[in-house]
Amino acid sequence: HCTLGVQDERENRRPDRQRQPLMLPRQWFNLLSEKSCLTNLLDNFKQFLTMNTLFDKIWDSHTVRVLDGGSCVLYIDRQYIHEVTSPQAFAGLRKRGIGVFRPAQVTASPDHNIPTKNQHLPIAEPQSAQQVATLEKNCAENGIRIFPIGTERNGIIHVIGPQTGLTQPGMTIVCGDSHTSTHGALGCIAFGIGTSEVEMALASQCILQSKPKSMRINVEGELKPGVCSKDIILYIISKLGTGGGTGYFVEFAGSAIRSLSMEARMTICNMSIEMGARGGMIAPDSTTFDYLRGREFAPKGEEWEKAVERWSKLRSDDDAVFDKEITFDAADIEPMITYGTNPGMGIAVNGEIPSSEGMDSASKISYAKALGYMNFTEGDKMVGKPVDYVFVGSCTNGRIEDLRTFANFVKGRKKAENITAWIVPGSKEVERMAIEEGLRDILEEAGFELRQPGCSACLAMNEDKIPAGKYCVATSNRNFEGRQGPEARTLLAGPLVAAAAAVTGVITDPRTMM
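Residues numbered from 1 in each chain as written. Predicted model: local features only at pLDDT ≥ 70, side-chain atom pairs only at ≥ 80, totals over all residues. Heavy atoms only, no water.

1. Remarks on the overall build of the protein chain
Then, number 1: In terms of helices and strands, the protein chain carries 18 helices and 18 strands.
Then, number 2: Here the protein chain has a C-alpha radius of gyration of 23 Å; the compact-globule value for 514 residues is 24 Å, and the two agree.
Then, number 3: Overall, the C-alpha framework of the protein chain stretches about 70 × 55 × 45 Å when taken along its three principal axes.
Then, number 4: Taking all 514 residues of the protein chain together, 60% fall into the buried category.
Then, number 5: In the protein chain, once contacts between residues fewer than 6 apart in sequence are set aside, the share between residues at least 24 apart is 75%.
Then, number 6: As presented, the protein chain carries roughly 20,300 Å² of accessible surface, and 50% of it is formed by carbon and sulfur atoms. (Helix = DSSP H or I, 4+ residues; strand = E, 2+ residues; numbered from the N terminus. Rg over C-alpha atoms; globule rule 2.2 N^0.38 Å. Buried < 20%, exposed > 50% of the residue type's maximum accessible area, 1.4 Å probe, protein only. Contact = heavy atoms within 4.5 Å. Areas by Shrake-Rupley, 256 points an atom, 1.4 Å probe, with all protein chains shown as cover.)

Here it is in structure tokens:
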């Protein structure tokens, strides 16, 4: 096996820190055990060699061993933690009387429960304050690097990982958070894990996982003006549904994907799990390397050159075989918005809410319930529907490019009087850049306020909650009932659609104003 992850850790990749004999991937073992005819064996061996997907290369190189039944002991290069899913894991370690196995490979940042205003003051909500304090205590006791609230490195963990260069191509990455898939944009296997697995990774730097099947989604062609990466992924989810990726790890490819910036690619991979996939990834290329060059924890000097040479080999082979492959035409994608209570209920912003005709009885009941919650009707046009709140931020769309897009659109315009807008940077670094680039001045001139970093209104776990019955156009990732607050109504969209709603007060096709 070729080591594809962090080279300075390759001698210590296995938990017992001893070199092990070469382990054949389980597909080879199955072939060897099942085939007695040399001809058939060679034919199947040749077929296996064509299954060299990017996902296979990274997964197999990090597999410590395959257990009876097929589960893999998977080595983890980088673990991220935050204040919500880590306290129970540390409590479990204390109960077992063990510590964190490799604290240098763990990074923490409070993000879910922190306020986005007055961060210099104590956190007002008692439970949130307790969780943040507990995270700081656990990190101090175990020698884990933490980026505390208010410090220059703090931010949403899935924003600061790539931003600091901690996330690098070829890594395996986990975090007790669904949207860990964001890091896959840099050519990683990254996925969310449960609290018991957070404890397992802290204790052993490994987790037990079944290997998912592989899927490639190609988006070919040129995107229309006004279409962004959020529209791409909302379009894909609307076509495949929230279960279309179940059981798969998805590689996004095609000319439209390759044309995207690094931050736009993160939006794509971030929402891969919203179609049920275990995670999403994009092969690293010059865009990836240019993004990482010079970042704080990225390799430097000669090590950088070696890293780029190594990372350049991280791609699916031309004859790689995927368990499933789908291709979309970029020309078919319009600016998108959701109208229901899951991310798969999305349509073009200038479209009409679909009819339930042709659905089975169970689907019709669920569909009617979703529309009832949103107070929408089949056949309604989305354009012109009133909006109360606009939220720009989250690990999906809280990066500097997203703020630039929003600010450039509202420049010279004014916020609609009926709109409450929360513009929330994904990190202190993004906040700093927005100030230095004059984006805050543009926003304030248009009647908006740039807040401080945090997960904010993506989820109702902090002070930024949408009131019951109110509509919020959000650049976040989930629109389930109550996601942004009890009985709040969420409309997922990209920064351009959000900006158009913010200045008109209603759902608006941004292309009519560009």
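Once the structure has been displayed, the description carries forward.
2. Considering the packing of helix α15 (residues 400-410) against helix α18 (residues 495-504)
To describe two helices that pack against each other, one gives the angle between their axes and the distance between the axes.
Then, number 1: Taken N-terminus to C-terminus, the directions of α15 and α18 make an angle of 35°; their axes are 9 Å apart at the nearest point. For the pair α15 and α18, the sense of crossing is right-handed. In this structure, α15 contributes D402, T405, F406, F409 and V410 to the contact, and α18 contributes P495, L496, A498, A499, A500, A502 and V503.
Then, number 2: Class assignment for the residues of the contact of α15 with α18 results in 10 nonpolar, one polar and one charged. (Axes fitted to C-alpha atoms, helices over the stretch in contact; angles between N-to-C directions. Left-handed = near helix turned anticlockwise from the far one by under 90°. Nonpolar A, V, L, I, M, F, W, Y, C, P; charged D, E, K, R; others polar.)

3. Structural notes on the pairing of strand β3 (residues 78-81)
Then, number 1: The side-chain alternation of β3 yields two buried faces, one formed by R78 and Y80 and the other by Q79 and I81.
Then, number 2: In the sheet, β3 pairs with strand β6 (residues 172-175) via three bridges, with the strands oriented parallel. Paired with Y80 across the bridge in β6 is C175.
Then, number 3: Pairing analysis gives three bridges linking β3 to strand β4 (residues 106-108), with the strands arranged parallel. Looking across to β4, one finds that Q79 is bridged to V106.
Then, number 4: Regarding the hand of the β-α-β motif, the stretch spanning β3, helix α4 (residues 87-96) and β4 is right-handed. (Pairing = 2+ DSSP bridges. Right-handed = clockwise from strand over helix to strand, strands pointing away.)

4. Details of the environment of C206
Then, number 1: Inspection of the secondary structure puts C206 in strand β8 (residues 206-209).
Then, number 2: C-alpha separation for the pair C206 and I76, spaced 130 residues apart in sequence, amounts to 5.4 Å.

5. Re the environment of A129
Then, number 1: Mapped onto the fold, A129 is located in helix α5 (residues 126-142).
Then, number 2: Separated by 61 residues in the primary sequence, A129 and A190 place their C-alpha atoms 29 Å from one another.

6. Digging into the confidence of the model for the protein chain
Then, number 1: Averaged over the protein chain, the pLDDT score is 91; the fraction of residues at 70 or greater is 90%.
Then, number 2: Note that pLDDT drops below 50 for residues 1-38; the model gives that stretch 71 contacts with residues more than four away or on any other chain.
Then, number 3: Low pLDDT (under 50) marks residues 40-50, which in the prediction has 16 contacts with non-local residues, meaning those over four places away or in another chain. (pLDDT = per-residue confidence, 0-100.)

7. Points about a nonpolar patch on the surface
Then, number 1: Nonpolar side chains collect at one region of the surface, where L67, M200 and L208 lie side by side and expose about 220 Å² of accessible area between them.
Then, number 2: In this structure, M200 sits in helix α7 (residues 195-204).
Then, number 3: Residue classification places M200 among the partly exposed positions, given a relative accessible area of 32%. (Patch = residues over 30% accessible without salt bridge, like charges linked within 9 Å, V, L, I, M, F, W, Y side chains within 5 Å. Salt bridge = Lys/Arg side-chain N within 4 Å of Asp/Glu carboxyl O.)

8. Things to note about the environment of R278
Then, number 1: Here R278 shows up in the loop between α10 (262-270) and β11 (279-281).
Then, number 2: Along the backbone, R278 and Y291 are 13 residues apart, and their C-alpha atoms lie at a distance of 25 Å.
Then, number 3: From its side chain, R278 meets the backbone oxygen of G192 in a polar contact 3.1 Å long. (Polar contact = N/O pair within 3.5 Å; in protein donor to acceptor, adjacent residues only side chain to side chain.)

9. A short note on the sheet that holds strand β18 (residues 489-492)
Then, number 1: Taken in spatial order, the four strands make up an open sheet running β16-β15-β17-β18, and their pairing is parallel. Looking at which strands have only one partner, the edges of the open sheet turn out to be β16 (420-423) and β18. For this sheet, the mean inter-axis angle between neighbouring strands, taken without regard to orientation, is 20°.
Then, number 2: Summarising the sheet, strand β15 (residues 389-392) and strand β17 (residues 471-474) pair through three bridges and their orientation is parallel. Opposite V390, over in β17, you have V473 as the bridge partner.

10. Some details on the pattern of salt bridges
Then, number 1: By the definition in use, this model includes 28 salt bridges.
Then, number 2: Between D56 and K211 there is a salt bridge; the shortest N-O distance is 2.9 Å. Of this pair, D56 sits in helix α3 (residues 54-61) while K211 sits in the loop between β8 and β9 (213-220), and the two are 155 residues apart along the sequence.
Then, number 3: The class of K211 is buried, set by a relative accessible area of 12%.
Then, number 4: Here R451 and D464 are joined by a salt bridge, their closest N and O atoms 3.1 Å apart.

11. Concerning the sheet that holds strand β5 (residues 145-146)
Within a sheet, each strand pairs with its neighbour through backbone hydrogen bonds, oriented either parallel or antiparallel.
Then, number 1: On the basis of which strands lie adjacent, the open sheet formed by five strands has the order β5-β4-β3-β6-β7 and parallel pairing. The open sheet has two edge strands with one neighbour each: β5 and β7 (189-192).
Then, number 2: Pairing of β4 with β5 involves two bridges; the strand directions are parallel. Bridged to A108 within β5 is I146.
Then, number 3: Sitting on the sheet, helix α6 (residues 157-164) touches β3, β4 and β6, and the angle it makes with β3 is about 140°.

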